[in-house]
Amino acid sequence: MKPPRSAQPLPRYVRRKPLKSGAWGYFFDLPTWARKAGCQIANEPLGTDYTKAVERAEVVLLPAFDSWCGGGKSSEEMPAVAASGTLDWIFAEYRADRRYTKLGANQKRNHEVGFRMVGGHVLKDGRKLGTVRVTAINTAVIDALYEKLLVIKETDAGGKTVERERRTTVNHAMKSCRRAWNIASRRNPSKLPHVNPFAAMGLKSSNRETPTATLDEMQAFRAKAKELGL
């Protein structure tokens, strides 16, 4: 028996279909002509919640498709759309939430630095961690990641390789991911594991004393920040 038909409008390329459970399911399906033209945005199920399905289509999927239609036809030019159920999808869910959109520009920038650091980490098989499904990301995975990100190797002016700890930056990244996971879990209570792998990590602040910068150092720092758009 089909569920009662809803009169609520649907975004472009979103269709509803009766499920065996008795509810309506929502699906994002691009037209055949777009597929033949090379559009790589994936079709995906949007769940049974009307509000969340509309939000996902309007905030993430349709803007990416419209950008492709406007000329971004190569995979390099097309905005990335996170596959549902992946770590990148968690970040996208947080970005779509009012608790992210109401943040100031500096707070958003700090979160994005953390998301790029964690989601962009390349695994041994060549995949980025952001593309991995959340069901495969547990506390052991994140603890190991934390240790890998904590120390980086750099080359000094004399060509010598030196190791540098970036504990404060990595701690902030873990906190940003923890926040994103918590918000995504509240928005999608049945899609995420109960344990947030970024929680209860026992993060410790750096014991290194921050040196006082000279005027020349401050000016050099400011010039570099402007060059990077910060």
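Before any of the text, the structure's been laid out above.
So, a few notes on the structure that sits alongside this text. Source: prediction; values computed, not measured. (Residues numbered from 1 in each chain as written. Predicted model: local features only at pLDDT ≥ 70, side-chain atom pairs only at ≥ 80, totals over all residues. Heavy atoms only, no water.)

## Looking at the overall build of the protein chain
The line we're drawing: In this description a helix means any DSSP run of H or I spanning at least four residues, a strand means any run of E spanning at least two, and both kinds are numbered starting from the N terminus. Burial classification: accessible surface area is computed with a 1.4 Å probe over protein chains only, and a residue below 20% of its type maximum counts as buried, one above 50% as exposed, and the rest as partly exposed. By the convention used here, residues are in contact when the closest approach between their heavy atoms is within 4.5 Å.
Helices and strands together make up the secondary structure of the protein chain, namely 8 helices and 5 strands. Ordered by position from N to C terminus, the α and β elements of the protein chain give β-β-α-β-α-α-α-α-α-β-β-α-α. The proportion of buried residues among the 230 residues of the protein chain is 36%. A separation of at least 24 residues holds for 51% of the contacts in the protein chain among residues at least 6 apart in sequence.

## Here's the deal with the pairing of strand E1 (residues 14-18)
Within a regular beta strand, the side chains point alternately toward one face of the sheet and then the other, so they alternate between its two faces. Here is the rule: Should DSSP find at least two bridges between two strands, the strands are regarded as paired.
As defined by bridge partners, E1 adjoins strand E2 (residues 24-28) across 5 bridges and the pair is classed as antiparallel. When the sheet's bridge partners are listed, Arg15 is paired in E2 with Phe27. The antiparallel hairpin formed by E1 and E2 contains 5 residues in its connecting segment, where Gly22 sits at a positive phi of about 100 degrees.

## As for the side chain of Arg187
Quick reminder of the rule: Polar contact is the term for a pair of N or O atoms within 3.5 Å; when the atoms are in protein, one must be able to donate a hydrogen and the other to accept it, and sequence-neighboring residues count only if both atoms are side-chain atoms.
With respect to the secondary-structure elements, Arg187 resides in helix H7 (residues 167-187). On the accessibility criterion, Arg187 (11% relative accessible area) is buried. A distance of 3.2 Å separates a polar atom in the side chain of Arg187 from a polar atom in the side chain of Glu93. Apart from the residues within four sequence positions on either side, Arg187 is in contact with Lys52, Glu55, Glu93, Ala96 and Asp97.

## What about helix H8 (residues 215-227)?
Stated precisely, the cut-off is as follows: The span expected for a helix works out to 1.5 Å for each residue beyond the first.
Taking 1.5 Å per residue as the helical rise, H8 with its 13 residues ought to reach 18 Å, and the 18 Å between its terminal C-alpha atoms agrees with that figure. Looking one or two residues past H8, Gly229 carries a phi angle of roughly 80 degrees, positive in sign.

## So, H7
A rise of 1.5 Å per residue sets the reference length of H7, with its 21 residues, at 30 Å; its end C-alpha atoms lie 30 Å apart and thus fit the reference within 8%. Among all positions in H7, only Arg167, Val170, Asn171, Ala173, Met174, Ser176, Cys177, Ala180, Trp181, Ile183, Ala184 and Arg187 are buried. Against the buried residues of H7 lie helix H2 (50-69), helix H3 (87-95), helix H4 (98-101), helix H5 (105-119), helix H6 (139-150) and strand E5 (161-165).

## Examining the pattern of salt bridges
Threshold: Criterion for a salt bridge: a side-chain nitrogen of Lys or Arg within 4 Å of a carboxyl oxygen of Asp or Glu.
Here the structure, examined in full by the defined rule, presents 9 salt bridges. In this structure, the salt-bridge partner of Arg56 is Glu44, at a minimum N-O distance of 3.0 Å. Placement of Arg56 in helix H2 and of Glu44 in strand E3 (residues 44-47) is noted, with a sequence separation of 12 residues between them. Judged by relative accessible area, Glu44 falls into the buried class, the value being 11%. Residues participating in the shared-partner salt-bridge network are Glu55, Glu93, Asp97, Arg99 and Arg187.

## Structural notes on the packing of aromatic side chains
Within a pair of aromatic rings, the relevant descriptors are the distance that separates the centres and the angle that separates the planes. Spelled out, the test is: Between the rings of Phe, Tyr and Trp (Trp by its six-membered ring), a pair exists once the centres lie within 6.5 Å; its type follows the angle of the planes, with under 30 degrees stacked, over 60 edge-to-face, and the other angles tilted.
Here the structure, examined in full by the defined rule, presents 7 aromatic pairs. Between the aromatic rings of Tyr94 and Tyr100, the centroid separation amounts to 5.1 Å while the plane-to-plane angle is 70 degrees, which identifies the pairing as edge-to-face. Among the residues examined, Tyr94 registers a relative accessible area of 1% and is labelled buried. In textbook terms, an aromatic cluster arises when at least three aromatic residues are bridged by ring pairs, as seen for Phe91, Tyr94, Tyr100 and Phe115.

## Some points on the nonpolar core
What counts is decided by this rule: For our purposes a nonpolar core is just a set of buried Ala, Val, Leu, Ile, Met, Phe, Trp, Tyr and Cys residues, chained together by side-chain atoms within 4.5 Å.
Leu87, Ile90, Val118, Met174 and Phe198 are the most contacted members of the largest nonpolar core, which has 31 residues in total. Within the residue set of this core, elements represented by two or more residues are H3, H5, H6 and H7. If you look at the next biggest cluster of nonpolar residues, it comprises 18 residues, including Leu30, Ala34, Ile41 and Leu61.

## Overview of the packing of H6 against H7
To keep it simple, the criterion reads: Only the stretch in contact is used when a helix axis is fitted, and all axes are lines through C-alpha atoms; the angle between N-to-C directions ranges over 0 to 180 degrees. By the definition adopted for this analysis, an angle is roughly parallel if under 35 degrees, roughly antiparallel if over 145, roughly perpendicular if from 65 to 115, and oblique otherwise. Left-handed describes a crossing whose near helix is turned anticlockwise from the far helix by less than a right angle; the clockwise case is right-handed.
Here H6 crosses H7 at 150 degrees, and the two axes come no closer than 9 Å. With respect to each other, H6 and H7 are oriented roughly antiparallel. The way H6 lies across H7 gives a crossing that is right-handed. Of H7, the residues touching H6 (which contributes Ile142, Leu145, Tyr146, Leu149 and Leu150) are Arg167, Val170, Asn171 and Met174.

## Some remarks on the packing of H3 against H7
This is how the line gets drawn: Gly counts as polar in this scheme, as do all residues outside two lists: the nonpolar Ala, Val, Leu, Ile, Met, Phe, Trp, Tyr, Cys and Pro, and the charged Asp, Glu, Lys and Arg.
Between H3 and H7, the least distance of the axes is 8 Å, while the angle of their chain directions is 80 degrees. The angle between H3 and H7 places the two elements in the roughly perpendicular class. Contacts between H3 and H7 involve Leu87, Ile90, Phe91, Glu93 and Tyr94 from the former and Cys177, Arg179, Ala180, Trp181, Ile183, Ala184 and Arg187 from the latter. Residues belonging to the contact of H3 with H7 are distributed by class as follows: 9 nonpolar, no polar and 3 charged.

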